[in-house]
Amino acid sequence: MKPTRAPLFALVLTLFAPTSAVAQLSTRTLDSATLAWDEGRYVDALLSFERLLAGAGESFRRQIALHTGELYRTRAVAPDGRRLQWSPDGRRLLVESGALPVLPDGRPGRTPQGAGPARVTVYALQGDSLVPEHATAGFSATFVDASRVAWIQVVGDSQRVMVRDLASGLEQSWPTPGAVVSAIASAGDGERLIATWRPPGTRAASNLSLLDSGGGMRRITDAAVPTQVVGTAAGGLHVVYRLPTQVGVWSREAGASRTFEGVQPSISADGSTLTFVARDSGRSAIAVMNLASDTAPRLVVRAAQRVGLANPAPSPDGRQVVFQMMLREDWELYLAETTRETAPRRLTWEIQHDVLPVFLDSVRFLAAIGEARHRRSYLYDVRGGERIRLFHNNTVRTVAPEYAWVPSPDGTRVAIIADRDGDTVSPERQVYLVSLREEVSVEDVLARVRSALAAERALRERGERMFAPVAARVRQAVADVSVARVDRCEQTLQLFGSRFMTQPGNARAIVWLAAELQGMGYEPELQWFSPDGYRTANVVATLRGTADPDQTYVVSSHFDSVLDGPGADDNGSGTCALLETARVLASRPQRSTIQFAFFTAEEAGLLGSREFVRRAQQNRVRIVGALNNDMVGWRNDHRLDNTIRYSNDGLRDLQHAAAFLFTDLITYDSRYYQNTDAHAYYEAYGDIVAGIGSYPILGNPHYHQSHDQYETVDPRLIAEVARTTVASLMLMASSPARIADLTAREVPAGGAEVTWSPAPEGGVTGYQVRYGPPEAPERSLLTVRNPRALLPGARSGWRVAVRAVGREGLAGWDWARTEVRR
C-alpha cells in the first residue's frame, strides 16, 4: 500500500521550518487527532494518526498505539480456554477447554453449554509465542514441576490422576484409593500433588490430602465444610487453603493446621507472606502473616470503609500489599506496607470498580476495571500511579470483554482469556499472550490504523447509502426528541420507588405509562399475568403500519427495577428513551407496524418479555425485527457513548449509522443478548435483535444498587439514545425485512440455482444477490426481479447472500445467507 501523501503546505513546512516548529506542528496535529477521536470523528482522527506515523512515527508510536489498541505485542494462543496456569519456570502454559465431565459421584461439570469434551493442552514458549506441545482429554490440570504435568481423567465410572513427563513423553497413573478427586494442585515439592476429594457415594464436604505416585494419601484437612487449596510456600513446607469463613495453613514440619478467621487469602511470589481479609471489632482489616516466623497474623490496615472480598495482592517479596476498598459506591485500589500498621495510599480514582490486583514485579501490578462480565485490564506503577491499558480489541467499534489474566512467574508476560471479536454468546473464550518485553512497532500501529480507517470508512459509506432515501424525514423526526421530557420522565419514575414486580411502585408505573401513551393517541394494551402469585403487566402501544401492517417491529425496555432501589439507569433510562421514541413516532406511522413494549418483571427472570413473546406467537404476530434498550443513561465521563448489543449484523450496522448520521451518540458494539429481554426474541424468532446498552458495558457502579438514582443519569445521553432509536425504527419499518427460505444448489450445467420466498412487503422492485468463494464471499453481485437466480461459476461451498429492494430504493436491512450445496 502506498503511503498517504501529506498536503503540500504541510510538506513545505516540514522541509523548511525549524525542527522545533515541525515538532510543534506534529504535536498540534496529535492534539487535534486526539480531540477528533474523543468526539467520535474517527475518520478524521485516523487520517491524522496515519500522517503522523508515516512521518515522525516513533515520536508518536506509543500515544497512537494506546488510542487504537495495545501498546504491547499480543498474539493469539488458542480459540478456547479456561483455568490458565504457568509452569514454575514460566516456559509453559496450561490451558483447559471444553465441558467438565460428570464425576463418579454424579456431580456435573459447570462449563457453558455447547462446549466440547474437557481437554488439557500444554503450550511451550518458542521465542515470544506459545505453541502446542501436548494435548489430552482431562481437566483440573497442574504442573508437578517445570517439566511434568498432571490432570484428572474420567473413564466410564472411574477416574484416575495422570502424570506426564513432557521431555520423555512417559505417563504414569497415580491411584486415588477410596476417594473421588475433583481437583489437583502442585504440592510445591516436585514430588506430590494436593488432591481435593471426598469419599465415593457420599455428599460429604471436600477435603485435602497429599497424593503421591504410589497412591498414598496423607490427609491435610478434616473439615465439615468445603475446602479449597490456595497454594504452597517454601517448597511445600506450608499449604494454604480456604474454608468458607476461615484461612488455613498446614505445616509439613508440624504435621498440623492452624486456622484463622478471614477470607480471600493470597501468597507472595517468594512464598514468604500470606495476606487475607479479616475483621477487627466489626471493621474490615487486611491481615498479614510471615509464614516462616509469625505464629499468628498481624493487622496492617484497619478500615472504617468496606474492604473488598477479593484477594489482597502481596508484592513478590511480601513487603507491600494492594487491596480493594470502597469509599462511596465503587471499589478503589490502595497500597499498604506489610511490615507495620500504617495508613494506606490510594492508587486509583476511576469511577468504575477497580478490582483484582496482582503484582508483576516490585513496582508494577495488574488490575481490572469494570463489572465481572465486562472487565478491562490495566498496568499500574506504584511509584507514580501511571496507568497503561494492557489489552484491547484493536478495532474502533467492537468491545472486547476480558475474563481472566494470569501473569508469568517473572512478570514479563500475561496470558489473557477474552472475546476479542466481542462475541459474548459463543461458549468459546479465546486465549491470548501479551508480551510486556515487546512493544508494537511503528509498522504495526500504522497497519492497525489503516485497517481501522478502511473499516470505519466502509461502515460510514454503508450507513449513508442505507439511510439516503429517508434521511430528510429522519432528521425532522429526531429533532423533535426532547431532553426536558426525558428528564421529567426520570424524575417521575423515581417517585414510584422500587418498581420490582412485588412492590407498589410496579403497579403505579403501569398506570402512569398507560396514561402517558393514551395522551399520545395510542390505545395501550395491558398484558396482565401473575408470576409467582404477583399480578403485574406489560404495557404495549401499537403504531399500525400504513402499507405492510402484518410486518411487525418491536422496540422494548423493561420498566421494573431491582427490589432495593428506583433503578434510574436500570432501567428507568431505557423506559424514558422508549417513551420519548413512542411520542415522536406517534404522528409518524411507517410502512410496517411498530409496537412499543414496556416489559415488567425483567429483574425477576425476563418474565415480562417471555410473556410478551408467548402472546405474540399465540396470536401469530409476525415479528421481523426488534430493538431492546437497557441501561443507557449513565456516563463514565463527558462522552456521550453507549454500546449496540446485537445478534443481527445488519441491525448492528444500521444502528451505528443511525447514531453517527443523526445524533451525537458515539456507539460501540458487542454480540450480546443473553440474560436480557432481547433473549426472549432470539429464542422465538432467531437473530432479529439489536438495541442499546451501557458503555462501558455494565460499568455503572450503581448497577443493581439502592443508589441507582435520578442524579446518577444524564437525560441528554438518554435523549441521544431515543434519537438513535427513532432513526433506526424509521429505516427498519420502511425497508424489506430479511427474506426467508433461501436455498442454493449446484446445477448439472454449471453454476448454482438460488431460490427464496417472495418478500411479503408491498412495492418490492427486485433482489440483490451477492456470491463468491469463502475467501471472497462478496466477489459478485446480481440484481434480479424474481425470487430466483442462476449464479454462473458458483460451486459447492460458495457463499450466497440475498436481500430485497423496496420503494425509494430502500434495500433490506439484513441479508439472508446460505451456502451452495451439491
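Everything below is about the structure shown above.
Read on for an overview of the structure.

Cut-offs used in this document
- Residues numbered from 1 in each chain as written.
- Predicted model: local features only at pLDDT ≥ 70, side-chain atom pairs only at ≥ 80, totals over all residues.
- Heavy atoms only, no water.
- Disulfide = S-S within 2.5 Å.
- Helix = DSSP H or I, 4+ residues; strand = E, 2+ residues; numbered from the N terminus.
- Buried < 20%, exposed > 50% of the residue type's maximum accessible area, 1.4 Å probe, protein only.
- Contact = heavy atoms within 4.5 Å.
- Salt bridge = Lys/Arg side-chain N within 4 Å of Asp/Glu carboxyl O.
- Core = buried A, V, L, I, M, F, W, Y, C linked by side-chain atoms within 4.5 Å.
- Polar contact = N/O pair within 3.5 Å; in protein donor to acceptor, adjacent residues only side chain to side chain.
- Axes fitted to C-alpha atoms, helices over the stretch in contact; angles between N-to-C directions.
- Parallel < 35°, antiparallel > 145°, perpendicular 65-115°, else oblique.
- Left-handed = near helix turned anticlockwise from the far one by under 90°.
- Nonpolar A, V, L, I, M, F, W, Y, C, P; charged D, E, K, R; others polar.
- Pairing = 2+ DSSP bridges.
- Phe/Tyr/Trp six-rings, centres within 6.5 Å; stacked < 30°, edge-to-face > 60°.

## Some thoughts on the state of the cysteines
The bond known as a disulfide is covalent and runs between the sulfur atoms of two cysteines.
Right, on to step 1. Scanning the entire structure with this criterion turns up one disulfide.
Right, on to step 2. Residue pairing for Cys 489: its cysteine sulfur links by disulfide to Cys 576, the two sulfurs lying 2.2 Å apart. Judged by the torsion about the S-S bond (-85 degrees), the Cys 489/Cys 576 disulfide is left-handed. Pair noted here: Cys 489 is in helix H7 (residues 483–495) and Cys 576 is in helix H9 (residues 568–585), with a separation of 87 residues, a long-range link.
Right, on to step 3. For Cys 576, a relative accessible area of 1% puts it in the buried group.

## Overview of the environment of Thr 593
Right, on to step 1. In this fold, Thr 593 is placed in strand E37 (residues 592–599).
Right, on to step 2. Once the C-alpha coordinates of Thr 593 and Leu 606 are considered, the two residues, 13 residues apart in sequence, prove to be 24 Å apart.
Right, on to step 3. Apart from residues no more than four positions distant in its own chain, Thr 593 is found in contact with Thr 542, Leu 543, Arg 544, Gly 545, Asp 548, Pro 549, Gln 551, Thr 552 and Tyr 553.

## Comments concerning the pattern of salt bridges
Right, on to step 1. Enumeration according to the criterion identifies 56 salt bridges in this entry.
Right, on to step 2. Linking Arg 413 and Asp 128 is a salt bridge whose minimum nitrogen-to-oxygen distance equals 3.3 Å. Here Arg 413 is found in strand E32 (residues 413–418), whereas its partner Asp 128 is found in the loop between strand E4 (119–126) and strand E5 (129–137), with 285 residues between them in sequence.
Right, on to step 3. Residue Arg 413 is classed as buried on the basis of its relative accessible area of 4%.
Right, on to step 4. Each of Arg 462, Asp 649, Arg 652, Asp 653 and Arg 671 takes part in a single network of salt bridges with overlapping partners.

## Side note on the nonpolar core
Right, on to step 1. The biggest cluster of nonpolar side chains holds 70 residues, and the ones touching the most others in it are Phe 467, Leu 517, Phe 596 and Phe 598.
Right, on to step 2. At eleven residues, helix H13 (residues 715–732) tops the list of elements feeding residues into this core.
Right, on to step 3. Not counting residues up to four positions away in its chain, the partners in contact with Leu 517 are Tyr 522, Pro 524, Val 539, Ala 541, Leu 579, Ala 582 and Phe 598.

## Notes on helix H12 (residues 678–685)
Right, on to step 1. Along H12, the residues that are buried comprise Ala 678, His 679, Ala 680 and Tyr 681.
Right, on to step 2. Contacts made by the buried residues of H12 are with strand E36 (548–558), E37, helix H10 (607–618), strand E38 (623–628) and strand E41 (689–690).
Right, on to step 3. Phi for Gly 686, located one or two positions after H12, is positive at around 85 degrees.

## Considerations on the side chain of Asn 628
Right, on to step 1. Relative to the helices and strands, Asn 628 is located in strand E38.
Right, on to step 2. Of note is the side chain of Asn 628, whose polar atom sits 2.7 Å from the side chain of Ser 556.
Right, on to step 3. What Asn 628 contacts, discounting residues up to four positions off in sequence, is Ser 556, Ser 557, Phe 599, Asp 677, Ala 678, Tyr 681, Ala 690, Gly 691 and Ile 692.

## Side note on the packing of helix H8 (residues 504–519) against H9
Right, on to step 1. In contact at an axis separation of 10 Å, H8 and H9 are set at 20 degrees when each is read in the N-to-C sense. Classified by the interaxial angle, the pair formed by H8 and H9 is roughly parallel. In this structure, H8 meets H9 at a crossing whose hand is right-handed. Each of Trp 512, Leu 513, Glu 516 and Leu 517 in H8 lies in contact with H9, whose residues at this interface are Thr 575, Leu 579 and Ala 582.
Right, on to step 2. Each residue belonging to the contact of H8 with H9 can be placed in one class, and the counts come to five nonpolar, one polar and one charged.

## As for the environment of Ala 368
Right, on to step 1. Along the chain, Ala 368 falls in strand E28 (residues 364–369).
Right, on to step 2. Along the chain, Ala 368 and Gln 352 lie 16 residues apart, while their C-alpha atoms are 10.0 Å from each other.
Right, on to step 3. Each residue touching Ala 368, except ones within four places of it in the same chain, is listed here: His 353, Asp 354, Val 355, Arg 375, Arg 376, Ser 377 and Trp 405.

## Some details on unusual backbone geometry
A negative phi angle characterises most non-glycine residues, just as the trans form characterises most peptide bonds.
Right, on to step 1. Of the consecutive residues Asp 570 and Asn 571, the connecting peptide bond is found in the cis state with omega at 5 degrees.
Right, on to step 2. Mapped onto the elements, Asn 571 comes out in helix H9.
Right, on to step 3. Residue Pro 696 is reached from Tyr 695 by a cis peptide bond, and omega for that bond is -10 degrees.
Right, on to step 4. Structurally, Pro 696 can be placed in the loop between strand E42 (692–694) and H13.
Right, on to step 5. Look at Arg 620: it is not a glycine, yet its phi comes out positive at around 55 degrees.
Right, on to step 6. When you line up the elements, Arg 620 lands in the loop between H10 and E38.
Right, on to step 7. Look at Asn 675: it is not a glycine, yet its phi comes out positive at around 60 degrees.
Right, on to step 8. Mapped onto the fold, Asn 675 is located in the loop between strand E40 (666–671) and H12.
Right, on to step 9. For Asn 675, a relative accessible area of 59% translates into the label exposed.

## A look at the pairing of strand E15 (residues 238–242)
Right, on to step 1. The buried fraction of E15 is high, at four of five residues.
Right, on to step 2. Pairing between strand E14 (residues 228–233) and E15: five bridges, direction antiparallel. From the neighbouring strand, Gln 228 faces E15, where its bridge partner is Arg 242.
Right, on to step 3. Connecting the antiparallel pair E14 and E15 is a turn made up of four residues, with Ala 234 showing a positive phi of about 55 degrees.
Right, on to step 4. Bridge analysis of E15 against strand E16 (residues 246–251) gives five bridges, and the strand direction is antiparallel. Each residue of the ladder has a partner; that of Val 239, found in E16, is Trp 250.
Right, on to step 5. Joining the antiparallel neighbours E15 and E16 is a turn of three residues.

## A word on the packing of aromatic side chains
Right, on to step 1. Scanning the model with the defined rule gives 16 aromatic pairs in all.
Right, on to step 2. Between Phe 467 and Phe 662 the ring centres are 5.1 Å apart and the planes differ by 65 degrees, which places this aromatic pair in the edge-to-face class. Placement of Phe 467 in helix H5 (residues 442–467) and of Phe 662 in helix H11 (residues 649–662) is noted, with a sequence separation of 195 residues between them.
Right, on to step 3. Taken together, Trp 37, Tyr 42 and Phe 49 form an aromatic cluster joined through their ring pairs.

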